[in-house]
Amino acid sequence: MRGILKLFAKSPFGLMVKHAAQVEETVKLLRPLIEAFLAGDTARVQELSEEIDDTEHEADKIKNAVRARLPKSVLLPVNRGDIMGYVKEQDGIADAVEDVGVILAMRSPACLPEFEPNLLKLVDQVIHAAALLFDAARAIETLQSASFAGPEVKKVQKMVAKIHEAEGEADRLQAEFSKLVFANESRIDAISVFQWMRIAEVLGDVADHAENTGDILKLMLASS
Amino acid sequence: MTTVTLIVLIVGLTAGLYMAWNIGANDVANAMGTSVGSGALTLAGAVIIAAIFEFGGAVLVGSRVTRTIRSGILDTAVFAPDVGMFGADGPLLLMLGMVAALLAAGIWLQLATTYGLPVSTTHSIVGAVVGFGVLTAGISSVEWLTVLRIAASWVISPAAGGLLGFAMFVYLRRTILRHSDPAERVRRQAPLLVGLVVLILFLSFVYKGLKNVLHDPAWWMVLAGSALVAIAAAAGARVAVERTSRIAPDPYQYVERIFGWLQILTASFVAFAHGANDVANAIGPLAAIVHIAQSGEISGAVPVPFWVLMLGGFGIVVGLATWGYKVIRTIGREITEMLPSRGFSAEFGAASVVLVFSLLGLPISTTHTLVGAVIGVGLAHGISALNLKVVRNIVNSWIITLPASAVLAAVIFAILRWIFV
């Protein structure tokens, strides 16, 4: 009879959702970070950057726990590699947010008032893309009870399509912001220009990783 | 009956009860654990249902497998009084051998439980009987063809359980889970599923159980009777399902609630099939002892006395009530990854296979068949994570159990022979 009990391995799906929630905690700190920077509150920027570090580290731990549940002897309803890829990409979102904090905490780039609306638009758009992914991630457990079939699959596929749209918009806003910075290149120092390029890039990464995570989720459903 | 025979009979009855107790204590949790885990049954409810169906299966369908273990594995003519190779001692030696087999299987089981090995009660007793036969009357005294058939059934039964579990879950996936309105679909499918389970249960019950009462009822009577009962059960299920409220935030929650109820039915089915197949592990050797003690003869063709089956059923129920409930509680707490619809599929697959093999008179392992069925559901993408190392453990347990129980039986037999002969 113990044979039956030993048959059940720990499921990775609950942890995938938990990981999404932890990454979401990191993303939630992004807007306060930018706002603190725009307000010129460097102490607060420092503080938030450290807080992001901590939440990202927690996400890392969950990512490793998911991987620990995927030895070759475990039979899963979806491709093992897809689960690995999923948490890796999802973790990339938190890593990108962490990078924004690191850049801003290292050196405050010179900022012009006209940067502000475009920067906030870009930030809100990448947060929106990530939020769409977290909505899709929450469906994983329902998907599991539906054995990765049925109406729930279509719902998630639609969500993933929406993430694609959001990422496209983020790309556009990123290019727009970069252009704006270059248009003002003579008014700020070169190192700040470089910093803004990096910030725009890693902000774009937040949306990129959200998109990639969504794609793997879709793949997982297609191959199941 | 001589005094020695009487003493051996009493020792045999005790050993048989001990073995039945072991079966009830260890195996019954397989059937009920998941239902308790999903909250569909309380612990007390599980114990009561298991007791009723285990006893029913043992008494109504158990005699076929019992006969195989009692007189199918060994060429008992070797032990015939005077004409056999042991002369007048033959019948007594066979009795002692059966006592030794019961004790060996029981002890091996208890050892395995202590060290956490997934050992089958069925394999233990078959190994013990074969071991006794080989070491006392020689290799030729064992009916190797029967043993081969039994061993083959140990490979076929988990595979067949897996296939049925897989098929049932794929069916549920197609008809309910994949559908745009799973809640509505489960309302329509539930009566059909209830009808199917009840039909199989009743077919086996009428086919075997009523044979003793009606003496070969016509096939159409069997079929019509079972169909009527199944239709009545399905109608009842339909009324019951109509009464449930469909309000749940997530349609899959509603689906699983309905399957929580259906799973009680398959859990009962498993208990019935388990009683039918596994009672023989205790009662097979005991029936041989009782028969020899009563008649002093060795013959294979007499039916298994009803009271012996009752005794086996009773032993299982006592095991379940005194120890098995603890195991059910543990398993129920720890199996949380299994949704009721998956439990239903696995239990349906396992119980159907075990029942068919019982009717064929082949002793198989209920646990291994259930493991096969759960893996089948997993292969149909039904279970979030399955540890396939268990399959290796099962193969290992075959390799260890057969020689271990065989040697143990031979040693115990040698001791008993030294005491009684």
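Everything here concerns the structure above.
We now turn to the structure provided with this report. Just so it is clear, the model here is predicted, and its values are computed rather than measured.

If you tally the helices and strands in chain A, you get 9 helices and 1 strand. Along the chain direction, N to C, the helices and strands of chain A fall in the order α-α-α-α-β-α-α-α-α-α. Dimensions along the principal axes, computed over C-alpha positions, put chain A at roughly 75 × 30 × 25 Å. Looking at chain A residue by residue over its 224 residues, the buried ones come to 47%. A sequence separation of at least 24 residues applies to 86% of the contacts in chain A between residues at least 6 apart.

A separate point is the interface of chain B and chain A. At the junction of the two partners, chain B supplies 40 residues and chain A supplies 29 residues. Top element by residues in the side of chain B that touches chain A is helix α14 (residues 366-379) of chain B. It accounts for 5 residues. Residue composition of the side of chain B that touches chain A, by class: 19 nonpolar, 13 polar and 8 charged.

In terms of nonpolar packing, the biggest core is built from 216 residues, with B:V99, B:A100, B:A101, B:A104 and B:A409 touching the most fellow members. No other element matches helix α11 (residues 251-295) of chain B, which puts 26 residues into this core.

Tracing the backbone shows B:W219 in helix α10 (residues 219-243). With 78 residues separating them in the primary sequence, B:W219 and B:E297 have C-alpha atoms 36 Å apart.

With that out of the way, let us pick up unusual backbone geometry. The general pattern is negative phi for most residues beyond glycine and trans for most peptide bonds. Of note in this structure, A:S147 is not a glycine but carries a positive phi near 50°. You can see A:S147 is positioned in the loop between α7 (140-145) and α8 (151-183). C-beta crowding within 10 Å serves as the criterion here: with 27 such atoms nearby, A:S147 is assigned to the buried category. For B:H381, which is not glycine, the phi torsion reads 65° and is therefore positive. Looking at where B:H381 falls in the secondary structure, it is placed in the loop between α14 and β1 (386-387).

So, how was this worked out
- Residues numbered from 1 in each chain as written.
- Chains lettered and ligands numbered in written order.
- Predicted model: local features only at pLDDT ≥ 70, side-chain atom pairs only at ≥ 80, totals over all residues.
- Helix = DSSP H or I, 4+ residues; strand = E, 2+ residues; numbered from the N terminus.
- Buried ≥ 20, exposed ≤ 12 C-beta atoms within 10 Å, placed from the backbone.
- Contact = placed C-beta atoms within 7 Å.
- Nonpolar A, V, L, I, M, F, W, Y, C, P; charged D, E, K, R; others polar.
- Core = buried A, V, L, I, M, F, W, Y, C linked by C-beta atoms within 7 Å.

In short, geometric facts, not functional conclusions.
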